[in-house]
Amino acid sequence: MLNSKIPSGDLDKKWSDYKGHVKLVNPANKRNLEIIIIGTGLAGASAAASLGELGYKVKAFCFQDSPRRAHSIAAQGGINAAKNYQNDGDSVFRLFYDTIKGGDYRSREANVHRLAEVSANIIDQCVAQGVPFAREYGGLLSNRSFGGTQVQRTFYAAGQTGQQLLIGAYQALERQVALGNVKIYARHEMLDIVMIEGKARGIIARNLITGKLERYFGHAVILGSGGYGNVFYLSTNAMGSNVTAAWKAYKKGAYFSNPCFTQIHPTCIPVTGDHQSKLTLMSESLRNDGRIWVPKKQNDTRKATEIPQDERDYYLERRYPAYGNLVPRDVASRAAKERCDAGFGVGSSKQAVYLDYASAIQRYGKMECSKHGIEDPTDEEINKHGKEVVKEKYGNLFDMYEKITGENPYEVPMRIYPAVHYTMGGLWVDYELMTNIPGLYALGEANFSDHGANRLGASALMQGLADGYFVVPYTIGNYLSGEIGVKTIPTTHLAFEEAEKAVADRIQKLKNINGTQTAESFHKRLGKIMWDKCGMARNEKGLKEAIDEIRELKEEFWKNVRVPGEIEEMNPELDKANRVADFIELGELICIDALMRRESCGGHFREEMQTEEGEAKRDDENFSFVSAWEYKGDGAPELHKEPLVFEVAHPSQRSYK
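Being a predicted model, the structure only gives us computed values, none of them experimental.

Parameters and conventions
- Think of each chain on its own: its residues are numbered from 1, step by step along the sequence as written.
- Whole-chain, interface and lining totals are the exception, using all residues; otherwise, since this is a predicted model, local features are given only for residues with pLDDT of at least 70 and side-chain atom pairs are given and counted only at 80 or more.
- Side-chain metrics in this entry use all non-hydrogen atoms of the structure; hydrogen atoms and water are not considered.
- By definition here, a salt bridge exists when the distance from a side-chain nitrogen of Lys or Arg to a carboxyl oxygen of Asp or Glu is within 4 Å.
- Put simply, DSSP H or I for four residues or longer makes a helix, DSSP E for two residues or longer makes a strand, and each gets a number counted from the N terminus.
- Only buried Ala, Val, Leu, Ile, Met, Phe, Trp, Tyr and Cys residues count toward a nonpolar core, and they belong to the same one when joined by side-chain atoms within 4.5 Å.
- For each residue, the accessible area found with a 1.4 Å probe, counting protein chains only, is set against the maximum for its type, and the residue is called buried under 20%, exposed over 50%, and partly exposed in between.
- By definition, residues are in contact when any of their heavy atoms lie within 4.5 Å.
- When DSSP locates at least two bridges between a pair of strands, those strands are taken to pair.
- One less than the number of residues in a helix, times 1.5 Å, gives the span that helix is expected to have.
- We define a polar contact as two N or O atoms separated by no more than 3.5 Å, with the added condition that, inside protein, one atom must be a possible hydrogen donor and the other a possible acceptor, whereas residues neighbouring each other in sequence contribute only through side-chain atom pairs.
- For helices, the fitted line uses only the C-alpha atoms of the stretch in contact; every axis is such a line through C-alpha atoms, and the angle between N-to-C directions lies from 0 to 180 degrees.
- A 1.4 Å probe that fits but cannot get out identifies a cavity on a 1 Å grid over protein atoms alone, an open set with protein on both sides within 12 Å along at least five of seven lines counts as a pocket, and a residue lines either if it has an atom within 4 Å of a point.
- Grid points are joined across faces, edges and corners, and a volume is the space filled by probe spheres set on the points.
- We call Asp, Glu, Lys and Arg charged. Ala, Val, Leu, Ile, Met, Phe, Trp, Tyr, Cys and Pro are nonpolar, and the rest, Gly among them, are polar.
- By definition in this entry, angles of less than 35 degrees are roughly parallel, angles greater than 145 are roughly antiparallel, angles of 65 to 115 are roughly perpendicular, and the rest are oblique.
- Less than a right angle of anticlockwise turn of the near helix away from the far helix marks a crossing as left-handed, whereas a clockwise turn marks it as right-handed.

Turning our eyes to something else, we now look at the pattern of salt bridges. Pairing is possible between side chains of opposite charge, provided their charged atoms come close. Here the structure, examined in full by the defined rule, presents 64 salt bridges. A salt bridge links Glu-483 to Lys-199, with the nearest nitrogen and oxygen atoms 2.7 Å apart. Separated by 284 residues along the polypeptide, Glu-483 in the loop between α13 (460-480) and α14 (494-513) and Lys-199 in strand β7 (residues 199-207) bring together distant segments of the chain. Salt bridges here are not isolated pairs; linked through shared partners, they connect Asp-104, Arg-106, Asp-330, Arg-334, Arg-597, Glu-599, Arg-618, Asp-620 and Arg-654.

We now examine the nonpolar core. One finds Ile-79, Ile-203, Phe-256, Ile-476 and Phe-557 to be the most contacted residues of the largest nonpolar core, which totals 186 residues. Ranked by residues supplied to this core, first place goes to helix α17 (residues 572-596) with 13 residues. Those residues in contact with Ile-79 that sit more than four places away from it in its chain are Ile-122, Ile-123, Phe-133, Arg-153, Thr-154, Phe-155, Thr-161, Leu-165, Ala-458, Leu-461, Met-462 and Leu-465. Core analysis: the second largest hydrophobic core is formed by seven residues, Ala-304, Ile-307, Val-346 and Ala-352 among them.

Further remarks concern the sheet that holds strand β15 (residues 414-423). As summarised here, the arrangement of the five strands in space is β11-β15-β14-β12-β13, forming an open sheet in which the pairing is antiparallel. Of all strands in the sheet, those bounded by a partner on one side alone are β11 (262-268) and β13 (312-313). When strand β12 (residues 291-295) meets strand β14 (residues 353-356), the two strands line up antiparallel, connected through three bridges. Residue pairing across strands places Ile-292 opposite Leu-355, the latter belonging to β14.

What follows covers the environment of Phe-232. With respect to the secondary-structure elements, Phe-232 resides in the loop between β9 (220-223) and α7 (244-251). Sequence separation between Phe-232 and Glu-556 is 324 residues; the distance between their C-alpha atoms is 18 Å. Other than its neighbours up to four places away in sequence, Phe-232 contacts Thr-262, Val-420, Gly-527, Met-530, Trp-531, Cys-534 and Gly-535.

What follows covers α17. When the terminal C-alpha atoms of α17 are compared, their 36 Å separation across 25 residues agrees well with the 36 Å that a helix rising 1.5 Å per residue should span. Burial analysis of α17 places 22 of its 25 residues in the buried class, the great majority of the element.

Time to look at unusual backbone geometry. With a phi angle near 50°, Ala-158 is a residue other than glycine that sits in the positive phi range. Given a relative accessible area of 27%, Ala-158 falls into the partly exposed group. Positive phi, normally seen in glycine, also occurs at Leu-433, with a value near 70°.

Note that Arg-287 resides in helix α8 (residues 286-289). There is a polar contact of 2.8 Å between the side chain of Arg-287 and the backbone oxygen of Asn-325. A distance of 2.8 Å separates a polar atom in the side chain of Arg-287 from the backbone oxygen of Val-327. If sequence neighbours within four positions are ignored, Arg-287 has contacts with Gly-147, Pro-266, Thr-267, Ile-292, Asn-325, Leu-326, Val-327, Pro-328, Arg-329 and Ala-332.

Turning our eyes to something else, we now look at the sheet that holds β7. Reading across the sheet, the three strands line up as β6-β7-β8 and stay open at both edges, with antiparallel pairing between neighbours. Edge positions in the open sheet fall to β6 (188-196) and β8 (213-217), since each of these has one partner strand only. This sheet shows a mean twist of 30° between the axes of neighbouring strands, independent of strand direction. Two elements, β6 and β7, share eight bridges in a ladder whose sense is antiparallel. In the sheet register, Val-194 faces β7, and the bridge partner there is Gly-202.

On to the environment of Ile-404, then. With respect to the helices and strands, the residue Ile-404 is situated in helix α12 (residues 379-405). According to the relative accessible area criterion, Ile-404 is partly exposed, its value standing at 45%. In this structure, Ile-404 is in contact with Ile-269 and Thr-280, ignoring residues within four places of it in sequence.

A few words now on empty space enclosed by the protein. Over the atoms, a rolled probe matching the size of one water molecule traces out where space is still vacant. Scanning all chains against the criterion turns up four cavities of 30 Å³ or more. In this model, the largest cavity occupies a volume close to 120 Å³. Along its surface, the largest cavity is lined by 14 residues, and Trp-247, Glu-585, Tyr-631, Gly-633 and Gly-635 are the ones closest to its centre. For the lining of the largest cavity, the secondary-structure elements that each account for two or more residues are α7 and α17. Per-element accounting of the lining of the largest cavity gives the leading share, four residues, to α17. Looking at the lining of the largest cavity residue by residue, the class counts come to seven nonpolar, two polar and five charged.

Now for the packing of helix α16 (residues 540-560) against α17. Closest axis-to-axis distance for the α16/α17 pair is 9 Å, and the angle between their directions is 160°. When the axis of α16 is compared with that of α17, the two are roughly antiparallel. Crossing geometry of α16 relative to α17 is assigned as left-handed. On α17, the residues that touch Glu-540, Leu-543, Lys-544, Ala-546, Ile-547, Ile-550, Arg-551, Leu-553, Lys-554, Phe-557 and Trp-558 of α16 are Ala-577, Val-580, Ala-581, Ile-584, Glu-585, Gly-587, Glu-588, Cys-591, Ile-592, Ala-594 and Leu-595. Residue composition of the contact of α16 with α17, by class: 15 nonpolar, one polar and six charged.

Inspection of the secondary structure assignment puts Asp-330 in helix α10 (residues 329-344). A polar contact is formed between the side chain of Asp-330 and the side chain of Arg-654, at a distance of 2.5 Å. Those residues in contact with Asp-330 that lie beyond four places of it in its chain are Asn-454, Gly-602, Gly-603 and Arg-654.

What follows is the structure in structure tokens.
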């Protein structure tokens, strides 16, 4: 039976009551407790810095050459917080409600409310660290809008918010490194969890420089290893992003929850050909001022600038007048797909829509001319001043688009199309962020807890930092208070030896196959199956076919993959093969989960379950639960259900009209 450990009492008092009664570890005992952290993105780095500050002995691992290379650095648009600086009606409750509704009522109320509560603290913490958030003329922090909300609550640093937040967390982390409280293990990849007497007690890691396997002990293990969007091959994730750490935990008994809840981001640069290995995200913040449209005429081959206003279909504004271009990501993505499938797509591939800044440039230009006392400004003056404002707010994003496409987005509309971005599924965790394995925690995108079936924009950075700075430093003490009598277990313990041998045997097996196909080719084939049959839309027939095809692919992989080079050396092809093997198994579980969930909700759109207007149709009577899959051998996971109870945000059909 799953025990989520949600505190009793009123929703808005649960977290404060929990903190007031939670067990503590005194400072002298903290110095004797060791914690392993996997991943140094926002969740991992903030947790390592915070736990080091508290006095724990922390070992932080990342497969990159520096913690600063974690994929959190790629986040662009912003971070949400309920500070109501704009005085436009925001509140902790409204952020909580928007998140629950945006996730289509498939997230846990208590966790989401806690997230909304601590959101304001994150901004104060980051400002104190020197994160250069954008500011208004008078010096106050600036906010902008994101999808799924009707208020401005997103704090940002131009189009590089993730980078600036990660540098802030990295500085805090490096301070603890200098003090000797944290030790960084870069170029190390976790390949197994070590279990002793039913508890997580360490890891087996591969040194990616030497290729040697290494053993590390910890009184607790924290996974902040990110999401699994690269199972689709083409995604906005960094090429190295993978599921291996979470998957090894799953294979050791940790439940994997809601794997089919993957998010398709509506504003990405479209695919241009088979040569691509990843996709580029254009921040959702661009929907704040940009307008999305397609021609009203099918297969229109005219240039965007040649199509007059009355022949343009601003379809999001038409279909969802209350939210317009700021509907949630899943709604915007499906609407773009629907228009393109109906023959209204643009560009050479016809798999794109326009994101147009002409209106914003005009609006800002007139405001600036008024501020400068320019009466009856010319079109040239309006255009000049408008572009300057847009450049200040979004300049690096516009520059990035021009470098990739060769088109100037100040002069012509951008072309965008949905792409795989964030994964809402992940390891099952309770209120304390601990998995069902005692001593094993999962933070940020690696867990399932806060976003339900769809994540609102600018909430990923919020969750990662909330978990690392303000949640796990409290909750981990509740577990470690019972572990203070446990001495450091030597890594010569039988459990470490057995775990290392299992990892070594698997690597040797991969190396000995000596087939004819690269790991990359298998990854690409897996991605096509996943996108075609478990992408923006899914149906029973396609999912059953996908499961069969993935099983065949897995069988072929273990017979015909080729891993060049040697094991005990720097060998990126071996690293890739290890990760692809895990992705193939994960792809099967995603499709099994999607097949089981006979409803449409958020990013999980079953074609058989939709309203007359083509919107997602939930089945609250039968599917108001978290799916938690337990590994039982190949192809036969066991489903556990955590019922979702809504005491405050009662489920209703989502409407953004």
